[in-house]
Amino acid sequence: MINTGTASKACIACRDRKRKCDRIKPSCSLCYRLGRVCHYEPRSRRNDTSVVLSSTPLQVPTVTLLSPPETPPLCLQPDVNKAITGRLLHAVGDISAIRVIAENYFGSVHRWFPILSEVSYYEQLTSTYTDPNAEYSLLSLSMALITLMPSEDESFSSLYMLVKSAIAIVEAANIHSLEVVQARLLVTLFEAGHGIEPAAFISMAATTRAAVAIGLNQKINDPCCHDENINSKIQAGLRVWWGLVMLDRSYTIERGEGSCATHQYESPQYLPRDGSVWDNKILSSAKPLNLSTPSSIRVGGFARQAQVSHVLHILMMHLHDSRTSVPDPDEADQIARTLTAFSMLLPEETPQPWPMYCGALGMCFSAMMTLHESRPRTSLSEEYLNCDQPESLRSSLERIHGLCTRFNARIEQVSVDAMSPFPPYGLIRAATLRHQLFKETGDYSHITAADSLTLMVKHFSKRWKRAGKNSN
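One structure accompanies this document, and this report is about it.

What counts, and where the lines are drawn
Residues numbered from 1 in each chain as written. Predicted model: local features only at pLDDT ≥ 70, side-chain atom pairs only at ≥ 80, totals over all residues. Heavy atoms only, no water. Helix = DSSP H or I, 4+ residues; strand = E, 2+ residues; numbered from the N terminus. Buried < 20%, exposed > 50% of the residue type's maximum accessible area, 1.4 Å probe, protein only. Contact = heavy atoms within 4.5 Å. Areas by Shrake-Rupley, 256 points an atom, 1.4 Å probe, with all protein chains shown as cover. 1 Å grid on protein atoms, 1.4 Å probe; cavity = no way out; pocket = protein on both sides within 12 Å on 5 of 7 lines; lining within 4 Å. Points joined across faces, edges and corners; volume = space filled by probe spheres on them. Nonpolar A, V, L, I, M, F, W, Y, C, P; charged D, E, K, R; others polar. Domains from an automatic or database assignment. Phe/Tyr/Trp six-rings, centres within 6.5 Å; stacked < 30°, edge-to-face > 60°. Lys NZ or Arg CZ within 6 Å of the ring centre and 35° of its normal. Salt bridge = Lys/Arg side-chain N within 4 Å of Asp/Glu carboxyl O. Axes fitted to C-alpha atoms, helices over the stretch in contact; angles between N-to-C directions. Parallel < 35°, antiparallel > 145°, perpendicular 65-115°, else oblique. Left-handed = near helix turned anticlockwise from the far one by under 90°. Core = buried A, V, L, I, M, F, W, Y, C linked by side-chain atoms within 4.5 Å. Polar contact = N/O pair within 3.5 Å; in protein donor to acceptor, adjacent residues only side chain to side chain. Expected span 1.5 Å × (residues − 1).

Quick notes on the overall build of the chain
- A count of helical and extended segments in the chain gives 20 helices and two strands.
- Within the chain, the proportion of its 472 residues that are buried is 47%.
- Considering only contacts within the chain whose residues lie at least 6 apart along the sequence, 70% involve residues at least 24 apart.
- Entry remark: accessible area of the chain is about 23,600 Å², with carbon and sulfur atoms responsible for 54%.

Points about empty space enclosed by the protein
- Enumeration over the complete set of coordinates arrives at four cavities of 30 Å³ or more.
- One number sums up the size of the largest cavity: a volume of about 120 Å³.
- Only helix 9 (178-194), helix 11 (228-255) and helix 20 (465-471) provide two or more residues apiece to the lining of the largest cavity.
- Considering each element in turn, the lining of the largest cavity owes the most residues, four residues, to helix 11.
- Counted by class, the lining of the largest cavity contains eight nonpolar, three polar and two charged residues.
- Taken domain by domain, the makeup of the lining of the largest cavity includes at least three residues from each of domain 2 (77-312) and domain 3 (327-471).

Points about the packing of aromatic side chains
- Taken as a whole and judged by the stated rule, the model has twelve aromatic pairs.
- A centroid spacing of 5.2 Å and a plane angle of 80 degrees characterise the contact between Y105 and F106, whose relative ring orientation is edge-to-face. Accessibility assignment for this pair places Y105 and F106 in one class, buried.
- Between Y121 and Y122, the aromatic rings sit 6.0 Å apart at their centres with planes inclined by 75 degrees, giving edge-to-face as the arrangement.
- Judged by its relative accessible area of 23%, Y122 falls in the partly exposed class.
- Through a chain of ring-to-ring contacts, the aromatic side chains of Y105, F106, Y121, Y122 and Y136 assemble into a single cluster.
- R394 extends its terminal NZ or CZ atom over the ring of Y384, reaching a point 5.7 Å from the ring centre.
- Positioned above the aromatic ring of W464, the side-chain terminus of R463 is 4.2 Å from the ring centre.

Notes on the pattern of salt bridges
- Taken as a whole and judged by the stated rule, the model has nine salt bridges.
- Note that E257 is salt-bridged to R255, the shortest N-O span being 3.5 Å.
- Judged by relative accessible area, E257 falls into the partly exposed class, the value being 48%.
- Its relative accessible area of 28% is what places R255 among the partly exposed residues.
- A salt bridge links R375 to D333, with the shortest nitrogen-to-oxygen separation between them at 3.3 Å. One end of the pair, R375, is in the loop between helix 15 (358-374) and helix 16 (380-386); the other, D333, is in helix 14 (residues 329-349), and 42 residues separate them in sequence.

Brief notes about the packing of helix 13 (residues 301-319) against helix 15
- At a minimum axis distance of 9 Å, the contact between helix 13 and helix 15 shows a crossing angle of 20 degrees. Judged by the angle between their axes, helix 13 and helix 15 are roughly parallel. Relative to helix 15, the crossing made by helix 13 is left-handed. Where helix 13 abuts helix 15, its residues R304, Q305, V308, S309, L312, L315, H318 and L319 lie against G359, A360, M363, C364, A367, T370, L371 and S374.

Things to note about the nonpolar core
- Y105, F113, I115 and M143 are the most contacted members of the largest nonpolar core, which has 115 residues in total.
- Shared between two domains, this core holds at least three residues of each, these being domain 2 (77-312) and domain 3 (327-471).
- Beyond its immediate stretch of four places on either side in the chain, Y105 contacts H110, F113, I115, L116, M143, I146, T147 and L186.

Some thoughts on the environment of L403
- In this fold, L403 is placed in helix 17 (residues 393-409).
- Taking relative accessible area as the criterion, L403 reaches 6% and is therefore assigned buried.
- The sequence separation of L403 and P347 amounts to 56 residues, and the corresponding C-alpha distance is 8.6 Å.

With respect to the side chain of N408
- Within the element layout of this structure, N408 appears in helix 17.
- A residue is classified by how much of its surface remains accessible, and N408, at 15% relative accessible area, is buried.
- A distance of 3.1 Å separates a polar atom in the side chain of N408 from the backbone oxygen of S452.
- If we ignore the near neighbours within four places in the chain, the residues touching N408 are S452, L455, M456 and H459.

Quick look at the side chain of T128
- As for its position among the elements, T128 is in the loop between helix 6 (118-125) and helix 7 (134-146).
- Residue T128 is classed as buried on the basis of its relative accessible area, which comes to 2%.
- With residues up to four places along the chain from it excluded, the contact list for T128 reads T85, L88, I95, I98 and Y136.

Comments concerning unusual backbone geometry
- Look at the link from E197 to P198: it is a cis peptide, with omega at 0 degrees.
- The topology assignment puts P198 in the loop between helix 9 and helix 10 (199-213).
- Even without glycine at this site, N174 takes up a positive phi of about 60 degrees.
- Relative to the helices and strands, N174 resides in the loop between helix 8 (155-172) and helix 9.

Here's the deal with helix 18 (residues 423-441)
- With 19 residues, helix 18 extends 27 Å from end C-alpha to end C-alpha; this agrees with the ideal 27 Å at 1.5 Å per step.
- For helix 18, the full list of buried residues reads P423, P424, Y425, G426, L427, I428, A430, A431, L433, R434 and L437.
- G442, located one to two residues past helix 18, shows a positive phi value of around 75 degrees.

Put into structure tokens, the structure is as follows:
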């Protein structure tokens, strides 16, 4: 406060005699707070008329309030585009390096999990750095992550952290699209396949919500359209939703508890088109195949995988039926017959079921072993010896052992990069049942079969860390 050295003044309106003369802010403290015009007068010159003047209505000045500045967006999309694309450049490299990642991805994971359009991806590749796009760069980062082989060096975990943080940035910038959901799904597959918990459990629900947020689940049962481009987009959405559903069901069966993240949303009723047809954006004139298409009609590997995942859904409802304390045996037999039909069909549809039918067979084995383990029994060996029906425990274990023997004998011809993470769980459960049978019967053939299954799981552990964790 500035003191001019003159006589002390008092405000006539509020009689604030404590305030000194202030030419900088001409109002006393009380009047300033109440928004009134403040009148100062030197004490030495005050007279009785000051009281009259104080009762005169005061003219309150019009106060113009300044509106607060608009809150800027958390992240501007052009900045996010540059930021995520910069991460891609730092982690992967130039266009040629991204092309190598893409070729690796479409030659491995895409063969059994075709949720991307190869043609559409390559159409944008050349403009990756000239026209930065956060969604495309994030998807490219996720493809680089899912194709990364397990190792002890830092690249495995550092790239994972980089992609996870990139997803957080894109989400914070309120960028939501099919490409973002595809990227999230690949990261979730990575976490589930390598046993990164509870991150996989959390990502499963987050990816489901991200898909629902863009209405993906509402478009899955619109099977055809006269517009080729729209139809291609519908097929893309259908494949992504199917990929999410089948991963969710397989993961939930393996966890052995809780419900699927996608269970409250409608399941697809139509099978995804063959991958080669979809990638070329030339859709056949035939009507879309529904979920109940019989096995006599040949469909693509991904469609078979979708059908088997539907049986997994039926199995989970059977096991968690709250209406009965014991699962219905007739229903269990019907599920077993369905799974048996698939387990016999899939190896016949291709001379080399790996990796095209790798995922479908893996889910089929997991469901079969889960069903057999859930049956009430007094003696495992008695059930094994006294029943040789195709859907029996004995037949199921023998089919798995036969396929396992052929796989181990031709392991040099199998592409490790293209292995699906779905088979190991069923193989481990089969090995566990073999060990139990050995304890009951003393038959060393069960140990031989169990060792063969364990060896197969070790091959998968070269690709997916979760296989190695579960086999210990």
